[in-house]
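Residue-level structural notes
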Amino acid sequence: MGKTYERIDGRLRTFIEAQPLFFTATAPLSGDGTVNLSPKGLKGSFAVVGERTIAYLDFAGSNAETIAHLRENGRITLMWCAFQGPPNIVRVHGSGEPVFRDDPRFKELLTHFPDIDPTPHGLRAIVVVTARLIRDTCGYAVPFMAYEDDRELHGRRFAREDDTSLNDYFRRKEHIESSLDGLPGLPLPLPPSTF
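Counting from 1, residues in each chain are numbered in the order their sequence is written. Where local features are concerned, this predicted model is filtered to residues with pLDDT of at least 70; where side-chain atom pairs are given and counted, the filter is 80 or more; whole-chain, interface and lining totals use all residues. Working from all heavy atoms in the structure, the side-chain values ignore hydrogens and water.

1. Details of the layout of surface pockets
Put simply, the rule reads: Grid points spaced at 1 Å over the protein atoms alone were grouped into cavities, where a 1.4 Å probe fits but cannot get out, and pockets, open sets with protein on both sides within 12 Å along at least five of seven lines, with lining residues defined by an atom within 4 Å of a point. Grid points are joined across faces, edges and corners, and a volume is the space filled by probe spheres set on the points. Put simply, DSSP marks the helices as runs of H or I at least four residues long and the strands as runs of E at least two long, and each gets a number from the N terminus on. Polar here means any residue other than Ala, Val, Leu, Ile, Met, Phe, Trp, Tyr, Cys and Pro, which are nonpolar, and Asp, Glu, Lys and Arg, which are charged; Gly is therefore polar.
Volume-wise, the largest pocket comes out at about 1,000 Å³. Around the largest pocket, the lining comprises 36 residues; the ones closest to its centre are Leu21, Pro39, Lys40, Gly41 and Leu42. For the lining of the largest pocket, the secondary-structure elements that each account for two or more residues are strand 3 (36-40), strand 5 (53-58), helix 2 (65-72) and helix 4 (153-158). Here the lining of the largest pocket takes 4 residues from strand 3, the largest share from any one element. Class assignment of the residues belonging to the lining of the largest pocket gives a composition of 17 nonpolar, 11 polar and 8 charged. Taken as a whole, the second largest pocket holds about 340 Å³ of empty space. Taken together, 21 residues make up the lining of the second largest pocket; nearest its centre are Glu17, Lys43, Gly44, Ser45 and Phe46. Listed by contribution, the elements that provide at least two residues to the lining of the second largest pocket are helix 1 (10-18) and strand 4 (46-50).

Here you go:
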């Protein structure tokens, strides 16, 4: 039923790049810490960077659990489901790192996302994931669902912000600079955007 892959290429790469939605899962090291599971979307915000490296744009939101967990321990799993076509679930288990705006790698990594303008979305970081284990499973119980389009709400909401007001927004939110469990989250203030 399930198969393990050495790299993200061919049919596997085609499948994950075609999905309009994926999920990320992270957790702190503490056994009683909060496990985080997040949906990720927006066309063009995900990229296969290498045979075992993938990245996605981390946009403004109400918390920064994934960033906090990655800063603490780096563990992350990403999952894609086939909601149309043949059934399939792909999981990439690996180590992740948030690359922030002032990191020398940020500008080059941003070139992997030519199909999206990050400006109206309050881009905070680029999450880079190195795969340790790549597997697919059947997905027989995943329902058929139709993708209509991306929501425009996120871009409309955060397009109103500049760097100063975005930092103010993040400081007002309870779980941006620290996670639900008190781990260091998004470092503030954000460096100025140069994209």
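2. With respect to the packing of aromatic side chains
Given two aromatic rings, their pairing is described by the distance between the two centres and the angle made by the two planes. To be explicit about the condition: Paired rings are identified among Phe, Tyr and Trp, the last through its six-membered ring, by centres lying within 6.5 Å, and are further divided according to the angle between planes into stacked (under 30 degrees), edge-to-face (over 60) and tilted (the rest). A ring is scored as having a charge over it whenever the NZ atom of a lysine or the CZ atom of an arginine sits within 6 Å of its centre and within 35 degrees of its normal.
Counted according to the given criterion, the structure contains 7 aromatic pairs. Taken together, the aromatic side chains of Phe22, Phe46, Tyr56 and Trp80 make up a single cluster linked through ring pairs. Over the ring of Phe158 we find Arg157; its NZ or CZ atom is 4.7 Å from the centre of that ring. The ring of Tyr169 carries the charged tip of Arg157 above its face, separated from the ring centre by 4.9 Å.

3. Quick word on the pattern of salt bridges
Basically, it comes down to this: The working definition used for a salt bridge is a side-chain nitrogen of Lys or Arg within 4 Å of a carboxyl oxygen of Asp or Glu. Only protein chains enter the area calculation, which uses a 1.4 Å probe; residues under 20% of their type maximum are buried, those over 50% are exposed, and those in between are partly exposed.
On inspection of all chains with the given rule, the structure shows 9 salt bridges. One salt bridge connects Arg105 with Glu97, and the closest N-O pair in it is separated by 2.7 Å. On the basis of relative accessible area, Arg105 is assigned to the partly exposed category, the value being 36%. Residue classification places Glu97 among the partly exposed residues on the basis of a relative accessible area of 35%. When salt bridges with common partners are traced through the structure, they connect Glu97, Asp103 and Arg105 into a single cluster.

Limitation: the analysis is restricted to geometry and does not speak to function.
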